[in-house]
Amino acid sequence: MRNLVVFFAKYHVYILFFVLEVSAFTFVVTHHKNGGRFLHSAQKVTGAISSQISEVISYYRLREINRELNVQNTILANKSLLALRLDTAVFHAQTDTVYKQQYVYIAANVVKNSTSNPRNFITLDKGKAQGMEIDMAVISATGVVGVVVAVSNDYSLVISLLNQDYNLSGMVKTKRYLGSVRWPGDSPYEVVMDGIPGHAKMAVGDTIVSSGYSAIFPTGMMVGTIRDVHKPSGSNFYDIRIQLSTDFTTLGPVMAVKNLLKDQQLDLEEVSQ
């Protein structure tokens, strides 16, 4: 199958030329007896051939196109407000508001992934040589993926959100209630959220995002939407089940996120402990 794909990708110009030649021939036939009937049949044949060629070439290019899009998204992320923070300084009743860069994004691809183990990990094709570091957040185009826990020169190991040892600081987007997002170990499409008090107004369909409190994930990274919410009898907290926005069974291109101000935040927080 791969040889066939390579053949079409390499010689598709010649094949297209042949198809056009056949089409021209059918045009000539229209000037002869019964030419209209022949033309109709020939057009159907050439149309089917052209369609098959187009599908094969599109399939061959799909993975390359996805990787190119991920690189372009990373470039845009580094230039957009996703990489910046609003820094307001007040001095003598004058406010100076500027944007300072806080995050750097690195494009990467998943080379190994698991979703069926109690503790799942992901391997990326970027390492120290490409700027990867431990404790960098990893996201996809659709939301949170995990955190880098080990790096070699050219590869990184990521603890997946689908790992029972990992908890993410989450937040109800519009209501700003904070809770802990974790994977219960069953479905790779769902996680649960703990710690939301029973007096909070929660509803199916509410959006859950990263809180930004961990100094790893930027605030507002998509996690998913509430699929089920109820408060058990005698409990002061909700049981919340979240439909993940990211499909971990088909992970491909991702982005690693480095918080340039993380060390400052953590050093300061250690003083209070």
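Every chain is numbered independently, its residues counted from 1 as its sequence is written. Per-residue local features of the predicted model are confined to residues with pLDDT of at least 70, and side-chain atom pairs are confined, for both listing and counting, to 80 or more; whole-chain, interface and lining totals are unaffected and use all residues. Side-chain metrics in this entry use all non-hydrogen atoms of the structure; hydrogen atoms and water are not considered.

1. Overview of the sheet that holds strand E10 (residues 190-194)
Strands were regarded as paired on the criterion that DSSP finds at least two bridges between them. Helix and strand definitions here come from DSSP, where helices need a minimum of 4 consecutive H or I residues and strands a minimum of 2 consecutive E residues; each element is numbered from the N-terminal end. Around the barrel, which closes on itself, the six strands sit in the order E8-E9-E10-E13-E12-E11 with antiparallel pairing between neighbours. When the angles between neighbouring strand axes are averaged without regard to direction, this sheet yields 40 degrees. Pairing geometry for strand E12 (residues 222-230) and strand E13 (residues 239-244), over six bridges, is antiparallel. Residue pairing across strands places histidine 230 opposite aspartate 239, the latter belonging to E13. Note on geometry: axes are C-alpha line fits, over the in-contact stretch for helices, and angles between N-to-C directions span 0 to 180 degrees.

2. Remarks on a negative patch on the surface
Note on patches: the residues involved have over 30% relative accessible area and no salt bridge, like charges join within 9 Å, and the nonpolar side chains Val, Leu, Ile, Met, Phe, Trp and Tyr join within 5 Å. Residue exposure ignores everything except the shown protein chains as possible cover, and the areas themselves are Shrake-Rupley values with a 1.4 Å probe. Salt-bridge detection follows one rule: a side-chain nitrogen of Lys or Arg within 4 Å of a carboxyl oxygen of Asp or Glu. Charged-residue counts in this description rest on Lys and Arg as positive and Asp and Glu as negative, His and the chain ends being excluded. Throughout, a charge is located at the NZ atom of Lys, the CZ atom of Arg, the CG atom of Asp or the CD atom of Glu. Side chains of Asp263, Asp267, Glu269 and Glu270 sit close together on the surface and give a patch of like negative charge. Inspection of the secondary structure puts glutamate 270 in helix H3 (residues 262-271).

3. Some remarks on the pairing of strand E5 (residues 137-140)
Here E5 shows two buried faces, one formed by Ala137 and Ile139 and the other by Val138 and Ser140. Hairpin connection, E5 to strand E6 (residues 143-151): the antiparallel pair is bridged by two residues. Alignment of E5 against strand E14 (residues 253-259), held across three bridges, turns out to be antiparallel. Note on E14: the bridge partner recorded for isoleucine 139 is methionine 255. For every residue, the accessible area obtained with a 1.4 Å probe (protein chains only) is divided by the maximum for its type, and the residue is called buried under 20%, exposed over 50%, and partly exposed between those limits.

4. A closer look at the confidence of the model for the protein chain
Caution is warranted with low-pLDDT regions, since their predicted coordinates should not be read in detail. Summarising the model, the protein chain shows a mean pLDDT of 78, and 63% of its residues fall at 70 or more. Each residue gets a pLDDT score, which is the predictor's confidence in that residue and runs from 0 to 100. Looking at the elements of the protein chain, mean pLDDT is at its lowest for strand E1 (residues 84-91), recorded as 39, and at its highest for strand E7 (residues 156-163), recorded as 98. pLDDT under 50 marks residues 83-97. Its contacts with residues more than four places away, or in other chains, come to 30 contacts. Working rule for contacts: check all heavy atoms of both residues, and any pair within 4.5 Å makes them a contact.

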